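Fold and geometry: a report
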Amino acid sequence: MTWQPRPEDLQLLIQLLNDSISPDNAVQQNVRQRLDEFTTTPEYPNYLACVMAMPEVEAPSRTIAGLTLKNFVRARMETLQAQPQNLEFIKKVVVQSVADPQEPVRQAAGSIITTILSVGLHIWPEVLGLLVNMIDSPEQHTVEGAFGALQKICEDSATRLDPEAVNFMIQKFIHFFGNPNAKIRAAAIDSCNQFIIPRSPGLEANVTAFVQGLYERTGDADSTVRKNVCQALVMLLEAYPDQLIPQLDNVVKFMLYCTEQSDEDEVALEACEFWLSFAEQDELRDHLENYLPNIVPILLKGMVYSEDDLVILTSEADDDAAVPDGEQDIKPRHHKAAAHKLERDGAGIPTQPSHPTGNEDDDDESDFDDDEDEDDVYTEWNLRKCSAAALDVFATVYENQLLEYLLPPLKEELAHSEWVHRECGILALGAIAEGCLSGMMPHLPQLVPHLVSGLTDAQPLVRAITCWTLGRYAGWAVNPPRDWIHQHCPTPELLNQHREMYFKPLVITLLQVVLDNNKRVQEAACSALATVEEEATTLLAPYLEQIVTTMAMAFGKYQSKNLLILYDAIGTLADSVGALLRNERYINLLMQPLHQKWASIEDSDRGIFPLFECMSSVATALGPNFQPFAAEVWQRCLRIVQTTLEYYQHAAPLSHEDYDAPDKDFIVVSLDLLSGVAQGLGPQVEVLATSIQPPVLSLLPVCMQDLTPSVRQSAFALLGDLCISAFPLIKPHVNQILPELINQLQGVNLSDRVSVINNAVWAAGEIALKQKAEIEPWVNPLLERLLPLLRDAKRDHTPQAITENAAITIGRLGLVCPQLVAPHLSIFIEPWCEALRNVRDNLEKQSAFLGLCRMIELNPTGVVKSFVYFCDAVARWNQVSPELAQSFESILVGFKNAFGEQWVVTWSSIPQAIKDTLTERYGV
């Protein structure tokens, strides 16, 4: 029997929905109260469906009924499934509403269908057939409504739909590509697009017809249709490039036309994505090259600020430094836990977070895909950023070859009378800095001074982008590539002259702009300064007075958002110059404003993250000079860790939907600051660790077992630092710490535990080095976990940092207990040497190689089959200590003597460059 509503209840709900749009607060409150009462009625969703389907009710109230029903379905689908008669009634009414003459009602009905199917396609399997049949209706609003619902279903469930059903649907959709109604054409194309990236078999079966249908719509008069065609071609280029190659010339011409249509931003942006996708695919490189003369000028055009951009940007006051930031101006910030890394020899291997984007991932992705770029206009992706990103990728792919097509229009932009074009040219210079650096070298002696002068431009946006671009070329001003030095600065005097001409004015002028009266410029200048600091390191010594003084002044000028950038610049300075900061004047200038911020911020304020990160670097750099601040810092960090841990221990079991747990980043950032203090104070930290409550060793074991990986990661970092600085504090607890440490090394999950394992491995090596022979009971349990990390590294795709630290720790175990580790030499010698061959010479590497030498002395046969690997690793050393050099010589000469006549054969298998090095150094 069909359900029927009670007329009085139906009229009451209609009246409440009509009143819900009243501006009167009292009326609104009454509506909410009465609706809450209505929701207790089991047939409440049926009433909503009825109202949505009633043509005599005003459209806004019907739409509100539909959206309310959608929210009800999403929140209470289990309840509806337990009332099948109500669910069937709703389904019937919703399908009828898809064909409603009112568009908002049709859209609400489509959303309800998608919401039901999101729980499971099995709940309403027949709806797809119903909707596909409806698109054959002669009524335009019915076809529009059905396609609207199908679009949502395809978007949400593309990978879950039956391939045969998809095959049938796509065949139907392609017929609508030429429909007279632009909305229907756009919907049909968009629905098909959802199946491209998943490479749905249903699409693959029709891909030729699909592509042909797209080609026929490239001249469509409707911008939404052309935008959807562009989206389809971009995705096809990634998923089915072979389908586009035969018609590539026509596709490129279409995309060039769309990219150039600045009056259609959405179409231009989608078309620009095509060039970005094109350039990123190596196999298409040769196909793209012929079009570069046409593409490059259009990308440059897309990088010019649009009129809409300028309406927003120029509404900001030129001198806005005194305007406080709103909460919306400051993006949420997460702390990145400390991870122990070894520096590697060789170019192109990043060892620190990059500036100016703030991106902390060591990858090769373009700076322009980060929403925190200094040339950011909005938080969303736009044509300017996409064009710059495409140019960046083109530079990486084609390198100096790109300059042939770029330099002529670029020179025109840089010399343009309008500042927006000059700004575009400067952005382009920054975009190509990495890929075209060698080709730009001959131009940099003129360009860098020109850019430095641009830091005083009257237009703030020009000053801001100039800072960013100068940051991209800072390396050339500070430490030019070896080829450049050999050709232009072959003597130390000439290299100093180079730095005097380019590096000095860059630093001095940047410091002036750091105190700019425009907040956007301040941000860009401070980030560029951080980049220069990383490049220059101790070469900053002559300018430290000016740098520190400027930073101290910036504290009095910067608003909340730029203070975060300032903290980063100070931390980077401390990391870069280290002990050079241990000057009483520098300490006073920096620590006074830092301490003021320290005292004014609450323990629960997320603003402590960048402040604590900065303080950690400063504490490490100041070393013993941080002592006056150490006790207060140590105590606060312990308090935050303890408070947060206690909150979780007591509140977590009572958690429910409204439970607002404290962010464990507070623990992480506090542990990392404790690590910084431990590194800085050295043995003096033992006094803090034993005198300040709660004892750090009462909290550290708890953190090492925490469920959050970043907490464990930072806990093991602190353990390692305490081993280095205050091992007497750790020694009594070693037998309690090592079982948990070893437990962390089991089952490498490279998605979330990489840095935990990395830091635990490193900490184990520090314990072994200090514990010496007393580590013996733990050697075999450690080797059981460490050896697979090396042996299976290639198979498991183990990150390089883990294999390097595992090799160091195995070497250190071999140093203190060689008799236990040496028998395993043949198992790990090859991956061990491969892991450390490119690690830069340092004390960690030295201790590991000393351990290897001791093991070889005990078990030389373990190296025989891998002798070439050992020779390669030895030859890679640049500065060898006398003790290690003696061990290398003894082993090499010993092998030569032991091999006898076979030595000639063995020696001939070793590459000549390695033989030359070993002969020169060790007389082999």
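Residues numbered from 1 in each chain as written. Predicted model: local features only at pLDDT ≥ 70, side-chain atom pairs only at ≥ 80, totals over all residues. Heavy atoms only, no water.

Of the regular secondary structure elements, the protein chain holds 51 helices and zero strands. Its C-alpha atoms give the protein chain principal-axis dimensions of about 100 × 65 × 65 Å. For the protein chain, with 924 residues in total, the buried portion stands at 55%. Of all intrachain contacts in the protein chain linking residues separated by at least 6 positions in sequence, the fraction that spans at least 24 positions is 74%. Of the roughly 40000 Å² of accessible surface on the protein chain, 50% is carried by carbon and sulfur atoms. Across the protein chain, the mean location of the 66 positive side-chain charges is 4 Å away from that of the 125 negative side-chain charges. (Helix = DSSP H or I, 4+ residues; strand = E, 2+ residues; numbered from the N terminus. Buried < 20%, exposed > 50% of the residue type's maximum accessible area, 1.4 Å probe, protein only. Contact = heavy atoms within 4.5 Å. Areas by Shrake-Rupley, 256 points an atom, 1.4 Å probe, with all protein chains shown as cover. Lys, Arg positive; Asp, Glu negative; His and termini not counted. Charge placed at Lys NZ, Arg CZ, Asp CG, Glu CD.)

Core analysis: the largest hydrophobic core is formed by 334 residues, its most contacted members being W275, L581, F626, W634, L719, L741 and W832. Apart from residues no more than four positions distant in its own chain, W832 is found in contact with L790, A807, I810, G811, A848, F849 and L852. (Core = buried A, V, L, I, M, F, W, Y, C linked by side-chain atoms within 4.5 Å.)

Spanning 16 residues, helix α21 (residues 383–398) covers 22 Å between terminal C-alpha atoms, matching the ideal 22 Å at 1.5 Å per step. Counting buried residues in α21 gives 15 out of 16 residues, a clear majority hidden from the surface. Trailing α21 by a residue or two, E399 shows a phi angle of about 50°, which is positive. (Expected span 1.5 Å × (residues − 1).)

Our focus in this paragraph is the environment of Q736. With respect to the helices and strands, the residue Q736 is situated in helix α40 (residues 734–744). Expressed as a C-alpha distance, the spacing of Q736 and P701, which sit 35 residues apart in the sequence, is 8.7 Å.

Q693 connects to P694 through a cis peptide bond whose omega is -5°. Of note, P694 is situated in the loop between α37 (685–691) and α38 (696–704). Here R199, not a glycine, exhibits a phi torsion of approximately 50°, which is positive. Within the element layout of this structure, R199 appears in the loop between α11 (182–193) and α12 (201–204). Despite not being glycine, E399 has its phi angle at roughly 50°, a positive value. According to the relative accessible area criterion, E399 is partly exposed, its value standing at 47%.

Mapped onto the elements, S157 comes out in helix α9 (residues 140–157). For S157, a relative accessible area of 2% translates into the label buried.

Compared with the 18 Å implied by 1.5 Å per residue over 13 residues, the 19 Å span of helix α26 (residues 460–472) between its first and last C-alpha is a close match. Of all 13 residues in α26, 13 are buried, a share of seventy percent or more.

We now examine the environment of D325. On the secondary structure map, D325 appears in the loop between α20 (307–313) and α21. On the accessibility criterion, D325 (17% relative accessible area) is buried. For the pair formed by D325 and Q33, sequence separation is 292 residues and the distance between their alpha carbons is 38 Å. Aside from chain neighbours lying at most four places away, what touches D325 is K519, Q559, S560, K561 and N562.

So, about the packing of aromatic side chains. Inspection of the entire model under this criterion finds 31 aromatic pairs. Consider the rings of Y44 and F72, whose centres lie 5.8 Å apart with planes at 70°: the pair is edge-to-face. With Y44 in helix α3 (residues 44–53) and F72 in helix α4 (residues 59–75), this pair connects stretches of sequence that are 28 residues apart. The exposure classification of Y44 matches that of F72, with both residues buried. Centre to centre, the rings of F626 and F629 are 5.6 Å apart; their planes meet at 50°, and the pair counts as tilted. Look at F626 and you get buried, because its relative accessible area is 0%. (Phe/Tyr/Trp six-rings, centres within 6.5 Å; stacked < 30°, edge-to-face > 60°.)

Quick look at the confidence of the model for the protein chain now. For the protein chain, the mean per-residue pLDDT works out to 89, and 92% of the residues sit at or above 70. Here α20 stands out as the least confident element of the protein chain, with mean pLDDT 79; helix α45 (residues 818–821) is the most confident, with 98. This stretch, residues 346–366, has a pLDDT under 50; its non-local contacts, to residues over four places away or in other chains, come to 31 contacts. Note that pLDDT drops below 50 for residues 369–379; the model gives that stretch 38 contacts with residues more than four away or on any other chain. (pLDDT = per-residue confidence, 0-100.)

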